Amino acid sequence: MRITVTVDGMTYTDEVEPRLLLVHYLRDRLGKVGTVVGCDTSNCGACTVHLDGRSVKSCSVLAVQADGAEVTTVEGLSRDGVLHPVQQAFHDNHALQCGYCTPGMIMSTIDLLEENPDPDEHEVRLGLEGNLCRCTGYQNIVRAALDAAQKARAAELQTDNTTAGGGR
Ligand code: FES
Ligand code: FES
């Protein structure tokens, strides 16, 4: 089947087998190997990407289901070499060790914070329960998510103040 899908801002048209999983399409066809596979039972979340802005486990989506959609992988997050604030927060808070769960963890965190910009620790843990990590013990991942949320709110406050100040 022919599909057209936008991945990290580039549009691709490809002939794919209907049974091809989105994660394999991303990795094997497009070379987007930042998205990884950690299980075959859809519980680890290492393969998490955004499909039309919401996080999905790309091992549980067929490539043909992404036809006409917009996919963002971890490789599409930084802008002109500047890390996405959630990527920066993971770095700052030592929220990764082997790095294998990290792409999926970051994609899930971004979705979580879009849904809930001011989560408490419990809400972060619940929000990320679809993502497994065997290295960090989660503590620093939670810290990173809370840090990113707090910085995003502070930045927003600053923009609001600047806008208000400009009007005076
Ligand atoms: S690879 Fe484990 S949930 Fe997708
Ligand atoms: S950093 Fe190794 S699995 Fe999470």
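Given the structure is predicted, the values throughout are model-derived calculations rather than measurements.

Engineer: Please explain the pattern of salt bridges as it appears in this structure.
Structural biologist: Oppositely charged side chains are able to pair whenever their charged atoms sit close together. In this structure the tally under the stated criterion is nine salt bridges. With a closest N to O distance of 2.9 Å, Asp8 and Lys32 form a salt bridge. Linking Asp8 in the loop between β1 (2-7) and β2 (10-15) with Lys32 in the loop between α1 (22-29) and β3 (48-51), this pair joins segments that are 24 residues apart in sequence. Its relative accessible area of 19% is what places Asp8 among the buried residues. On the basis of relative accessible area, Lys32 is assigned to the buried category, the value being 11%. One salt bridge connects Arg153 with Asp118, and the closest N-O pair in it is separated by 3.2 Å. Linking Arg153 in helix α5 (residues 139-166) with Asp118 in the loop between α3 (102-115) and α4 (121-127), this pair joins segments that are 35 residues apart in sequence. The network of salt bridges with common partners includes Arg54, Asp111 and Glu115.

Engineer: Is there a simple way to explain α1 in this structure?
Structural biologist: Because an α-helix completes one turn every 3.6 residues, residues spaced three or four positions apart along the sequence face the same direction. Within the sequence span of α1, burial applies to Leu22, Val23, Tyr25 and Leu26. An end-on view of α1 places all buried positions within 165 degrees of arc, on one side of the element.

Engineer: How should I be thinking about the side chain of Asn93 in this particular structure?
Structural biologist: Here Asn93 lies in the loop between α2 (85-92) and α3. Other than its neighbours up to four places away in sequence, Asn93 contacts Asn140, Arg143, Ala144 and Asp147.

Engineer: Looking at this structure, I do not really get the nonpolar core. What am I missing?
Structural biologist: The biggest cluster of nonpolar side chains holds 22 residues, and the ones touching the most others in it are Val86, Phe90 and Ile141. The set of elements that each furnish at least two residues to this core consists of α2, α3 and α5. Not counting residues up to four positions away in its chain, the partners in contact with Ile141 are Phe90, Ala95, Met105, Leu128, Cys133 and Thr136. Counting 18 residues, the second-largest nonpolar core is a separate cluster that includes Ile3, Val5, Leu26 and Leu30.

Engineer: Hey, could you run me through the packing of α2 against α3 in this one?
Structural biologist: Two numbers describe a pair of packed helices, the interaxial angle and the distance between the axes. Here α2 crosses α3 at 120 degrees, and the two axes come no closer than 10 Å. Regarding the angle of α2 to α3, the classification is oblique. When you trace α2 past α3, the crossing you get is right-handed. Here α2 contributes Val86, Gln87 and Phe90 to the contact with α3, which in turn contributes Thr102, Met105, Ile106, Thr109, Ile110 and Leu113. For the contact of α2 with α3, the residue count by class is six nonpolar, three polar and no charged.

Engineer: Hey, could you run me through the layout of surface pockets in this one?
Structural biologist: Where empty space is left in the structure can be found by rolling a water-sized probe over the atoms. When its volume is computed, the largest pocket comes out at roughly 240 Å³. For the largest pocket, the full set of lining residues is His84, Pro85, Val86, Ile110, Leu113, Glu114, Pro117, Ala148, Ala149, Ala152, Arg153 and Glu156. When residues of the lining of the largest pocket are traced back to their parent elements, those giving at least two are α2, α3 and α5. Ranked by residues supplied to the lining of the largest pocket, first place goes to α5 with five residues. Taken as a whole, the second largest pocket encloses approximately 170 Å³ of empty space.

Engineer: Mind showing me how you'd approach the sheet that holds strand β5 (residues 70-72) here?
Structural biologist: Strand pairing in a sheet is mediated by backbone hydrogen bonds. Such pairs are either parallel or antiparallel. Strand order in the open sheet formed by five strands is β2-β1-β5-β3-β4, and the pairing between neighbours is mixed. The sheet is open, and its two borders are formed by β2 and β4 (54-57), each paired with just one other strand. Taken pair by pair, the neighbouring strands of this sheet meet at an average axis angle of 35 degrees, ignoring direction. Looking at chain direction, β3 and β5 are connected through two bridges and run antiparallel. Paired with Leu51 across the strands is Val71, a residue of β5. Across the sheet, α1 is in contact with β1, β2, β3 and β5; its angle to β2 comes to roughly 105 degrees. Strands β3, β4 and β5 of the sheet are contacted by α3, whose axis makes an angle of about 45 degrees with β3.

Each value, and the rule that gives it
Residues numbered from 1 in each chain as written. Chains lettered and ligands numbered in written order. Predicted model: local features only at pLDDT ≥ 70, side-chain atom pairs only at ≥ 80, totals over all residues. Heavy atoms only, no water. Salt bridge = Lys/Arg side-chain N within 4 Å of Asp/Glu carboxyl O. Helix = DSSP H or I, 4+ residues; strand = E, 2+ residues; numbered from the N terminus. Buried < 20%, exposed > 50% of the residue type's maximum accessible area, 1.4 Å probe, protein only. Arc of directions from axis to C-beta. Contact = heavy atoms within 4.5 Å. Core = buried A, V, L, I, M, F, W, Y, C linked by side-chain atoms within 4.5 Å. Axes fitted to C-alpha atoms, helices over the stretch in contact; angles between N-to-C directions. Parallel < 35°, antiparallel > 145°, perpendicular 65-115°, else oblique. Left-handed = near helix turned anticlockwise from the far one by under 90°. Nonpolar A, V, L, I, M, F, W, Y, C, P; charged D, E, K, R; others polar. 1 Å grid on protein atoms, 1.4 Å probe; cavity = no way out; pocket = protein on both sides within 12 Å on 5 of 7 lines; lining within 4 Å. Points joined across faces, edges and corners; volume = space filled by probe spheres on them. Pairing = 2+ DSSP bridges.

Interpretation in functional terms is not warranted from these geometric data alone.
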